[in-house]
Amino acid sequence: MRLEHWLYTILLRLRSLFQRNRVERELGEELQYHFQRKIEENLARGMSREKATRAARRDFGGFEQSKEECRDMRRVNWLQDAMQDLRYAARTLARNPAFALIAIVTLALGIGANTAIFSVVHATLLEPLPYPHPEQLVELRQTESAPGEYPLTGEDYLDWRSQNSTFSDMSLYSWPIVVNASGADAPEAVSEIATQANFFQLLGVSPQIGRPFAVGEDRKGADRVVVLSDAFWKTHFGGRADALGKTLELNSNPYTIIGVVPAWFRDPGDADLWVPLDMSLQNIGRRGNHNWRGIGRIKSGVTLEQARADLRTIAERLEKQFPDSNRNVDAVVIPMHEWLVGGFREQLWIMFGAVGLVLLIACANVANLLLARSTSRRREIAVRVALGAGKARLLRQLLTESLLLALVGGFIGVIVAYTSVSLLRGVLTDVLPQPNPLRVGWVPVLFTFLICVAAGVLFGLAPALQSSSVESSDALKSKGSAHSGASRHGTWLRNTLVASEIALSLALLTSASLLLRTFENLRNTNLGIQPDHVLTAAVKLPGVRYKTPDQSWEFYNQLLQKLAASPGVRAVALTSKLPLRGGMNGYILIPGKQTEEQTGPLVESSYISLGYFRAMGIPLLAGRDFTRADLEDTAKVQQEMTSAKSRAEADAINKKYALPSVINETMANAFWPGEEPIGKIFQHGHTFRIIGVVGDANQGNVRGAVMPEAYYGMPMLLDTPGWTFNVVARSSGAPESLMDAVRAAVASLDKSLALFHVRTMPQVIAETMTTTQYETVLLLSMAALALLLAAVGTYGVMSYVVGQRTNEIGIRMALGARPKQILAMAVRQAFLLVAVGIVVGWAGAAGGAKAMQTMLFHVPPFDPATYASVSAVLALVALAACWIPVRRAMRVDPMVALRDE
Amino acid sequence: MSKPSDLVQGTLDLLLLKILALQPLNGLAISERLKQISGDVLQVSDGSLYPALHKLEQQGWIASEWKLSENNRRAKFYSLTRLGRRHLEKEAGNWNRLSAAISHVIKLKEA
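The rules behind the values
- Along each chain, residues carry numbers from 1 onward, in the same order as the chain's sequence is written.
- For naming, the first written chain is A and the first written ligand is 1, with later ones following in the order written.
- Predicted model: local features are reported for residues with pLDDT of at least 70 only, side-chain atom pairs are reported and counted for 80 or more only, and whole-chain, interface and lining totals are derived from all residues.
- Starting at the N terminus, helices and strands are each numbered in turn, a helix being any DSSP run of H or I of at least four residues and a strand any DSSP run of E of at least two.
- Three exposure classes are used, based on other C-beta atoms lying within 10 Å of a residue's own C-beta, which is placed from the backbone: buried for 20 or more, exposed for 12 or fewer, and partly exposed in between.
- Placing a C-beta atom from the backbone of each residue, one calls two residues in contact when those atoms lie within 7 Å.
- A score from 0 to 100, pLDDT tells how confident the predictor is in each residue.
- Take the residue count of a helix, subtract one, and multiply by 1.5 Å to get its expected span.
- Here the arc refers to the directions that run from the helix axis out to each C-beta atom.
- Pairing between two strands is assigned when DSSP locates at least 2 bridges connecting them.
- The axes used here are C-alpha line fits, helices contributing only the stretch in contact, and every angle between their N-to-C directions lies in the interval 0 to 180 degrees.

A. Up close: the overall build of chain A. A count of helices and strands for chain A gives 31 helices and 24 strands. Taken along its principal axes, the extent of the C-alpha atoms in chain A is 140 × 80 × 55 Å. For chain A, the proportion of its 901 residues judged to be buried stands at 41%. Contacts spanning at least 24 positions in sequence make up 83% of the contacts within chain A whose residues lie at least 6 apart.

Next up, the structure:
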């Protein structure tokens, strides 16, 4: 259609719409004119007035129908009708507030839960990262001889950066580390990330005030500068711009504040503050030490595959050039978004699916309510049909009602979602990577609108179809009870809806129970330690003031002595890493099993003080624990090594001594199966002799297998200044009671030191399970909601069915049927429904369980016990929902029931 | 119902446009003119005439105006618009091609 034409017709339609009365009047006048003239003509032909009128009417055909068709031709009818239907629907709902309330609350819960979870899915999975050209951003990783992917080595990174042709830039940054920040008050532990100077420019983030790092500020010996997070700036400097230029003391070194990043900045690289990373090779380390994270920005027009191939070529070249350190070291390029949220995709979609099921149940419930109501509205509908309402028109009116319900429910649902999202935000911040702020934005609201419309049609269509196919003569005659044939179809539909509600709830409940079992299994897993009564806290000695290993060693020994003397402390020790918190690992060499050229097996390594096994509750299985003399030897050898002038001299020292080491059971069984491990020698930088074997303690997470692990004396780490050690204190009472004692002991030795990560061991364990915990809580609440809705739905339908049969029950009672028989009759009917629902539900549950298999731990996805108990619970709830209305019906006086007919 | 079942779908529109192309008329007059020119071949009930007129008006092919009729009463007169004239030319051309093709087919001798 041409524009001119288009505008013209638009105006005409607007006229029809807004000058409705006038158009209507003119239409009447126009037809009336025609009609009158016809009559006049007929009169002129000599007919009587009566005859003339009749003839004119016959010629014309249906007068009103013609008018209606004219209105239809004006094409705006639907809008007028919709407004009329809407007003009518609102009136109908207002007349039936109980029905409207139940339907709207049900829908608001279902839609609200959907909007909330969708908001999470949207912010996490669907929205691109909030950086310019986020598709160009990648995380850089490396492979090794051992399986898995690893952080970058500094030296390889420098080669990648200088030799590649596909990246516009790359940047190196650290994991968040905890540092002592001292302001005016007590020292405080804050998280810090060291980044290459180009970090913020590469991401495309400009500070809200101040500047990012400048070129060269990541050189060794450059001025110390720091960029603050928005939160840190607001809490410590009141969000004032004069924070710029002020000095912050970190680990006893003064840093000048140069900028504050925007509030939205989070992943990758979230911390309280950022400092430049010293990019000297001495600091970032040689090949083989995987210590750093790397990000890259791919040049525009270059594909991910091309970038990958480019880095792989460089990695291959390096492998040839440095066969010792770079064997099997390949480049891994992962899109940034995938790297951040990839691990959560499956869980989130499962949650989204689950909440979708809740909505389906809610829809089934409302459909059931509408069906029950449509029976009582049959006469109204029949009257409309008799008055000439077309089937399509009727359908439209009924659908308008359900859409109105859905939209009102959706509106309240959005409010529900706002509240739940602010709750979720608090909870999920620690669990989910949230590159984008979690909020109910316009996309989730639009999504809600769409699901409202879909839900409205979904739960409204079946009842509407059924109602509009009413045979008017039938319905007008009957009193609106369920005896007539048209409602047989309705009964079938109702039963199907109830059965599907039961099936859906069963699927959800089963999934939730499987997760609950998983969570229990995780909690009950024997971790190889005795976590109760154990308090842990991390300390870090700033390298500026504790320059030599001796100074650190002395501090730690004094700390242990002070703590051991504190009341309530039964055992105390220090360790470089806590169980379940991950840590360091390295390749060892077992003389006689591997030669120098081969890469030996990978083992975890822990550096501990005296008494660690006792404090943590790890049993000694063979040999002996470390003695004071062992650790002093270690310290002495460490010192000799540090002061060694040459590589040859260090090698000689290394050959001379074999340092004591205690290994775990897995390591003993893996490398010396069937042999006596005590006294065996292995090399891990130094030469070690095994003096004892202890029980396995889980290093990574509860789900993971225990790795081979070697424990060394802690003095070995003291030559690296600024290493973090964990105090492990076992109390006689509640572990929290030791908190003050530990703080006091540290403060009495060094006032500027902050304790961080102060937690009980059970808390440390719980932290590794937060994801599972939240998944379980979320899924359980959805399942509970589903169960409640299904119970309400079953109850509603059974009350309706029983209500329809009240007089039948009355007759039976009057004829002498015993209550038990009546009850059995009703329960039989209900039981069939429940049984069908449960069997179908099993199939759904199996599908759900299969989808979430990776989330489960030590629970088979088809665990019979879970399926059986969930089915039993559901059957009980459903039967209870039937029993209440049946009992009510049986209490009715037979006479009343009969009179009702 | 008052559907013009005897009329080939769409031809009523064409006829109405053609009639109005000759002169503006009111509904009654159009109805009479229709009977007059097509004789008994095309039967259009009065009831189905008005919806057709309203449709053409909504499409912008014809416009309406209240005027006094020959017996001095207010009646709604329809006239062809500029758009309608162009449309009529196009449709008439189509019709000619179609009817020529059909009569050609009908005239084919059976083998």
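B. Fine view of the overall build of chain B. Each helix and strand in chain B was counted, giving four helices and three strands. Seen in sequence order, chain B has helices and strands lined up from the N terminus as α-β-α-α-β-β-α. With 111 residues in all, chain B has 31% of them scored as buried. Of the contacts made within chain B by residues no fewer than 6 positions apart, 52% connect residues no fewer than 24 positions apart.

C. Up close: the interface of chain A and chain B. Between chain A and chain B, the contact holds 22 residues from the first and 18 residues from the second. Of the residues forming the side of chain A that touches chain B, the biggest block, six residues, is contributed by helix α2 (residues 20–44) of chain A.

D. Molecular detail of the environment of Gly528(A). All names here are of chain A. For Gly528, the location among the structural elements is in the loop between α19 (486–524) and β14 (534–540). Residue classification places Gly528 among the buried positions, given that 20 C-beta atoms sit within 10 Å. Each C-alpha atom, one on Gly528 and one on Leu101, is 55 Å from the other, the two residues being 427 residues apart in sequence. Apart from the residues lying within four places of it in its own chain, the contact partners of Gly528 are Ile618, Gly695, Asp696, Ala697 and Asn698.

E. Molecular detail of the confidence of the model for chain A. Looking at chain A as a whole, the pLDDT averages 84, with 94% of positions reaching at least 70. Scored below 50 in pLDDT, residues 480–486 of chain A makes 14 contacts in the model with residues more than four places away or belonging to other chains.

F. Inspection of helix α20 (residues 549–565) of chain A at higher detail. Residues and elements named next belong to chain A. Here α20 is 17 residues long and its end C-alpha atoms lie 24 Å apart, about the 24 Å a rise of 1.5 Å per residue gives. Considered for burial, the residues of α20 that qualify are Ser552, Tyr556, Leu559 and Leu563. For α20, the arc enclosing every buried residue in end-on projection is 60 degrees, short of the 170-degree limit, so these residues lie on one face. Opposite the buried face of α20, by more than 90 degrees, sit the exposed residues Gln561 and Ala565. For α20, the elements touching its buried residues are β15 (569–575), β23 (724–731) and α25 (739–749).

G. Highlighting the sheet that holds strand β2 (residues 62–68) of chain B. Residue and element names in this part refer to chain B. With antiparallel pairing, three strands are arranged side by side in an open sheet as β1-β3-β2. Edge positions in the sheet fall to β1 (25–26) and β2, since each of these pairs with one other strand and no more. Judged from the two bridges that link them, β1 and strand β3 (residues 74–80) form a sheet pairing that is antiparallel. Bridge assignment links Leu25 to a residue of β3, and that residue is Tyr78. Of the strands in this sheet, β1, β2 and β3 are in contact with helix α1 (residues 11–22), which crosses β3 at around 100 degrees.

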